[in-house]
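As a plain string of letters, each chain reads:
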Amino acid sequence: MGKIVNIQPVTRIEGHAKVAIHLDDAGNVADTRLHIQTLRGFEKFVEGRPVEEMPRIVCHICGICPWSHHLASSKAGDACFGVTPPPAAVKLRRLMQMIAYVGDKLLHFYFLAAPDFVIGPDADYAVRNVIGIVNAAPNIAKQVVHYRQLTAQILENFAGRAIHPTFSIPGGVSKPMTEAERVEMLAHALELLDFSMFTIKFAKENVFAKYIDAIKTLGVIKVGHLGLVTDDGALDFYDGKLRLMQPDGSHEDFADDEYLDHIGEHVEPWSYQKFPYAKKWGDGPAMDLDNPVGVYRTNCLARINVCDKMATPLAQAELEEFRAEFGRPTHLTLLYHYARLIELVQCAEQTVELLEDPEITSSDVRKKIEPRSGRGVGCVEAPRGTLIHDYQSDDEGLITQANLIVGTTHNNAAMNLSVKQAATELIKDGTYDQAILNKVEMAIRAYDP
Amino acid sequence: MPVKVVEEWLNSCSGCEISILNLGDTLLDLLPELNFVHIPVLIDHKYYGQTGESDVIEIPEADIGIVSGGVRNEEHKHVLEETRKKTKILIALGSCAAHGGIPAQANMYTNKDIFEKLFRGSPSTDPASDPNHPNVPQWLDSCLALDEVVEVDVTIPGCPPHPDWIAEALTALLEGKTSWSLPERSVCDTCPVIREKKSAAGPVRRCFENLEFNPEEGLDKMRCINEQGFLCLGPVTLAGCAGKEGVPRCIQARTPCRGCFGPIRKGARPMVDMMGAMSSVGLDPKTVVDRRAIMNRYIGGHGNLRPLPARPARK
Ligand code: SF4
Ligand code: SF4
Ligand code: SF4
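Description of the structure in this document. Here the residue numbers are simple positions, counted from 1 along each chain's written sequence. Chain letters and ligand numbers both follow the written order, the letters beginning at A and the numbers at 1. With the structure being a predicted model, the display of local features is reserved for residues of pLDDT at least 70 and the display and counting of side-chain atom pairs for 80 or more, all residues being used for whole-chain, interface and lining totals.

Digging into the overall build of chain A
Right, so step 1: Helix numbering and strand numbering both begin at the N terminus, where a helix is a DSSP run of H or I of at least 4 residues and a strand a DSSP run of E of at least 2. Along the backbone of chain A there are 15 helices and 14 strands.
Right, so step 2: Within these notes, the globule rule equals 2.2 Å times the number of residues to the 0.38 power, and the radius of gyration is based on C-alpha atoms. Computed over the C-alpha atoms, the radius of gyration of chain A is 21 Å, within 12% of the 22 Å expected from 2.2 N^0.38 for a compact globule of 449 residues.
Right, so step 3: Along the longest, intermediate and shortest principal axes, the C-alpha atoms of chain A span 70 × 50 × 35 Å.
Right, so step 4: For the exposure call, what matters is how many other C-beta atoms sit within 10 Å of a residue's own: 20 or more marks it buried, 12 or fewer exposed, and in between partly exposed, using C-beta atoms placed from the backbone. Within chain A, buried positions represent 64% of all 449 residues.
Right, so step 5: Considering only residue pairs separated by 6 or more positions, chain A has 69% of its internal contacts joining residues 24 or more positions apart. Residues are scored as being in contact if the C-beta atoms we place from backbone atoms lie within 7 Å.

If you want it as structure tokens, here you go:
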């Protein structure tokens, strides 16, 4: 009789998960599972709610990336009501999104991921955390805390709420930006850009170079990738076409409202989270480590793989350096951390660009909406991956059907595979300790679920 | 001696934990006095021991327990009871923990209807039976606030609570106090808008267009949102969302309050009180679309929201 090793809760991630590692009689890994244990039922309980209220309801799906849900929902609402928001409204939505993402990426890198690299994957759990970093590198920690809080403060001062916003609404946004607000925000944006450049440089020198062996092995799987790109192939977080890339790099592009033709969701009895898969890649999904079928990933590594280029110059230079070393597509799971910081640079640059655009202070920020029956699909790239909101409304503008596929869900099958790969490589003949189990978790943490 | 703290999240979204981090510099100042012995978002302490050898969930003993999120499933209930057992003072952090929060909107539906929709009624999902496995905890009949399951000592409401109140409550407890609460004031009491005690008559307006205001001018030059004819839950919502200074957060965004701090006092009946407040400015509460859900948006626990008997489909 073998035994089961339980890791619960999976820590330094957003949400509730448990890893069960099944060992055979010889103490080698027979199977592993990542169980997602919570379910809240948003798709059901939003039925009957007014479409224009949705962006301020569904943001509560995630308190780490509320802006993603807020904006995907606003876009789905725009489409349901058949309105195109004025250009300044789109720019303000994008601006809020970029500032929120700068904060999120700093949070993930320094607070959640860095303890494994800066303190070390084998360290005792009591110090392998952000408080350990505060003690080990107080100067950097101080700056991180400051800049992350600054992103929250900028959002709050202008848009009222940084967490669970109300600012964006079908037809546009709730208020314009004044010139005084723009000038003040731009000064902060330039500081954020500086700190973002510092961060990627710091990480390249102190993390990625040092852990290159782990990067080349831990959690590595060969599957597909999904992400939004603009018409000319640049990485975009707010809008564009979806690009689904096969493990070999070939890809197909499609409009977000055609997602049902390309993506299916499979249910397993042992997880509340579904398993999205690429419908056209065979009879999927199969979470078979040697021969995965239909499995793809989202989030930053996927976006970095599917895009032809970054949208901004400093980020583009980083992408070129990254691709020169790792190629396209790369399948190395821990490179999620590197990809996340290339995106951090683009988010910070786009924040500055948007604030330098004179149109952003236009007072025309909202189209009036009329209730009608319709369907609307809104898709954005959340920090954790492609986010799809699909609504149908009746003629009073109340929701009759909602379908949501959120970033982390797309990664469910891939995370299961990475856990299996990591555990199989690391646990032999029944030998394991807390450091090894932490490395299994690092394979999950890379995805930032 | 630093005070030992346990932090857990149940049916939550992590927003409350982000609000703790949004303490920023204040958090760095407080850290030497707080010894977090269990906090899944930041520290790798495990329920079953660090190598998973135990078979019962164990939370370390601590002086203060902080729990966010409502109680949705058997395991939440168990973790909450274990936390209660191991901690001297239990804090309910956020409106999910205090009142059920947004996820308690699910209480308008039966579990059967919800699972039917999620696993057999979604256009992208291959229909399947409900997940059923020892590692996916069974749902309770409804989404509960913490005090429906255990005794709660301190409530820090809000969705999420403002960092100022988290700091103030923790500081009070560090000083040896055993209770803390926000003063009983309404969001309106802290709102600077112009009020004339009457509204443009007619049915309550939905947010199909923006409020009327001049963006170059402060909120003190904008007319009250209820008086502009839209629903704003400020009159029946506890004040404090902007922290120690500042104006209510949604009003700052020029959008109406939806009640995320919950009722002003225990036992209040916000829905009834709000109908009164609307009538007093000449608005007809019966014209609020989706009234039950909107007025109980953050407070669906405590039996406030329940499934209604099925109505015949509208033609
Ligand atoms: S109270 Fe709000 S922020 Fe806190 S867990 Fe609930 S939804 Fe999230
Ligand atoms: S009803 Fe709303 S806008 Fe009017 S005073 Fe109260 S909080 Fe302010
Ligand atoms: S205005 Fe109301 S809904 Fe908005 S943050 Fe304040 S209490 Fe919450």
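Still to come is the rest of the account.
A closer look at the pairing of strand β12 (residues 374–382) of chain A
All names here are of chain A.
Right, so step 1: Among the 9 residues of β12, 7 are classified as buried, and the element is accordingly described as predominantly covered.
Right, so step 2: By the convention used here, strands pair only if DSSP detects at least 2 bridges between them. Across 9 bridges, the pairing between β12 and strand β13 (residues 385–393) is antiparallel. Within β13, the position partnered with V377 by the bridge is D390.
Right, so step 3: Counted along the chain from β12 to the antiparallel partner β13, the turn is 2 residues long.

Here's the deal with helix α15 (residues 434–445) of chain A
Residue and element names in this part refer to chain A.
Right, so step 1: Helix span, expected: 1.5 Å multiplied by one less than the number of residues in the helix. With 12 residues, α15 should reach 16 Å at 1.5 Å per residue; the first-to-last C-alpha distance of 16 Å fits that figure.
Right, so step 2: Counting buried residues along α15, 9 of its 12 residues qualify, which places the element largely inside the surrounding structure.
Right, so step 3: Residues of α15 that are buried sit in contact with β1 (3–7), β2 (17–23), β3 (29–36), α4 (87–119) and α14 (412–426).

What about the interface of chain A and chain B?
Right, so step 1: Every contact between the two is made by 77 residues of chain A and, on the other side, 69 residues of chain B.
Right, so step 2: Sort the elements by how many residues they give to the side of chain A that touches chain B and helix α6 (residues 138–159) of chain A lands first, with 6 residues.
Right, so step 3: Note on residue categories: nonpolar means Ala, Val, Leu, Ile, Met, Phe, Trp, Tyr, Cys or Pro, charged means Asp, Glu, Lys or Arg, and polar means any other residue, Gly included. Its residues assigned to classes, the side of chain A that touches chain B comprises 34 nonpolar, 25 polar and 18 charged.

What to know about the nonpolar core
Right, so step 1: When buried Ala, Val, Leu, Ile, Met, Phe, Trp, Tyr and Cys residues are joined through C-beta atoms within 7 Å, the set is termed a nonpolar core. Within the largest apolar cluster, 242 residues are counted, with the highest numbers of intra-cluster contacts made by A:I342 and B:I91.
Right, so step 2: Among the elements that take part in this core, α4(A) stands out by supplying 21 residues, more than any other.
Right, so step 3: In this structure, B:I91 is in contact with B:I64, B:G65, B:I66, B:D153, B:V154, B:I156 and B:A169, ignoring residues within four places of it in sequence.

Structural notes on the sheet that holds strand β14 (residues 399–405) of chain A
All names here are of chain A.
Right, so step 1: The 3 strands lie next to each other as β12-β13-β14, forming an open sheet whose pairing is antiparallel. One side of each edge strand has no neighbouring strand; the edge strands of this open sheet are β12 and β14. For this sheet, the mean angle separating the axes of adjacent strands, direction not counted, is 10°.
Right, so step 2: In this sheet, β14 lies alongside β13 in antiparallel orientation, the contact comprising 6 bridges. Bridge pairing links D390 to N403 in β14.
Right, so step 3: Taken strand by strand, helix α3 (residues 66–81) contacts β12 and β13, and its axis lies near 155° from that of β12. Lines fitted to C-alpha atoms define the axes here, with helix axes fitted over just the stretch in contact, and angles between the N-to-C directions of these axes take values from 0 to 180 degrees.

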